[in-house]
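What follows is each chain in one-letter form.
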Amino acid sequence: MTEPSARRLTGADAPDWQRLRLEALSTYPEAFLTTHDEAAAVPISAIAKRLDTGHTLGVFQDTAMVGIGSLNQLTKAQTKHRAEIGAFFVRPAAQGTGAAAALMEAMAEGAQQIGVRQLELYVAASNTRAIAFYTRAGFREVGQIPNATLSNGVFETDLIMVRELS
Ligand SMILES: CC(C)(COP(=O)(O)OP(=O)(O)OC[C@H]1O[C@@H](n2cnc3c(N)ncnc32)[C@H](O)[C@@H]1OP(=O)(O)O)[C@@H](O)C(=O)NCCC(=O)NCCS
């Protein structure tokens, strides 16, 4: 298997991105704010537009896209040095292979290139694997959102994690 390599996605990648996104939401529904049905309702044309204009990256192994992540830069003059990471997912077969780290480092580099100095994310407090990964990638917990999600009558706490970029 070739080393994982990450790149920014464009509209042409929309079908592959949507396939991975729906796999993420059906396999790990408790890890994301969006439901599978909400994501499935988004037209592919809207996804393609978002990929062309935004900062969404994919990580590839042997030419197959195995992971995705989006960078949402805040827009105000006083906040555009910050970006939120969302929709971060690596397919189970590619977990533990370094693909997630390659994706995260490409996102951090891309963020720096657009003037971002701080990465932020929310992660469910029960998602121990993701928390371990983010901690190794340089994030630290700075707070919590109690009752961040309510699903089937069950509340879940989110951790807020931050990584400062040099
Ligand atoms: C989060 C994710 C991208 C991390 O990628 P990954 O390839 O699994 O990450 P790695 O294997 O490099 O690192 C995972 C860490 O968790 C540890 N780990 C492995 N299995 C674990 C488990 N079942 N429970 C807890 N920790 C676990 C690993 O040992 C490693 O810890 P370390 O850095 O201290 O050695 C990936 O697991 C994923 O896509 N998960 C499902 C979707 C998700 O939760 N996305 C995040 C939403 S905020």
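Fair warning: this is a prediction, and the values are worked out from it, not measured in the lab. (Residues numbered from 1 in each chain as written. Predicted model: local features only at pLDDT ≥ 70, side-chain atom pairs only at ≥ 80, totals over all residues.)

Draft legend 1. Representation of the packing of helix H1 (residues 14–27) against helix H3 (residues 44–53) in the model. Contact geometry for H1 and H3: axes closest at 9 Å, N-to-C directions at 105°. Taken together, the axes of H1 and H3 lie roughly perpendicular to each other. Packed against H1, whose contacting residues are Ala14, Pro15, Trp17 and Gln18, the element H3 presents Ile44, Ile47, Ala48 and Leu51 at the interface. (Axes fitted to C-alpha atoms, helices over the stretch in contact; angles between N-to-C directions. Helix = DSSP H or I, 4+ residues; strand = E, 2+ residues; numbered from the N terminus. Parallel < 35°, antiparallel > 145°, perpendicular 65-115°, else oblique. Contact = placed C-beta atoms within 7 Å.)

Draft legend 2. Just the nonpolar core, in detail. By size, the foremost hydrophobic cluster in this structure holds 32 residues, and its most contacted members are Trp17, Val59, Ala99, Leu103, Met107 and Ala111. Elements that contribute at least two residues to this core include exactly H1, H3, strand E2 (55–61), strand E3 (64–73), strand E4 (82–90) and helix H4 (99–113). By residue number, the principal contributor to this core is H4, which donates eight residues. Sequence-distant contacts of Trp17, defined by excluding residues within four places in its chain, comprise Leu9, Ile47, Leu51, Thr56, Gly58 and Ile68. (Core = buried A, V, L, I, M, F, W, Y, C linked by C-beta atoms within 7 Å. Buried ≥ 20, exposed ≤ 12 C-beta atoms within 10 Å, placed from the backbone.)

Draft legend 3. Quick peek at the site of the ligand. Around the ligand there are 18 residues in total, and Ala31, Gln95, Ala100, Ala130 and Ala132 lie nearest to it. Only E4, H4 and helix H5 (128–136) provide two or more residues apiece to the shell around the ligand. Among the elements that make up the shell around the ligand, the one with the highest residue count is H5 (six residues). For the shell around the ligand, the per-class residue count stands at twelve nonpolar, four polar and two charged. (Near = placed C-beta within 6 Å. Nonpolar A, V, L, I, M, F, W, Y, C, P; charged D, E, K, R; others polar.)

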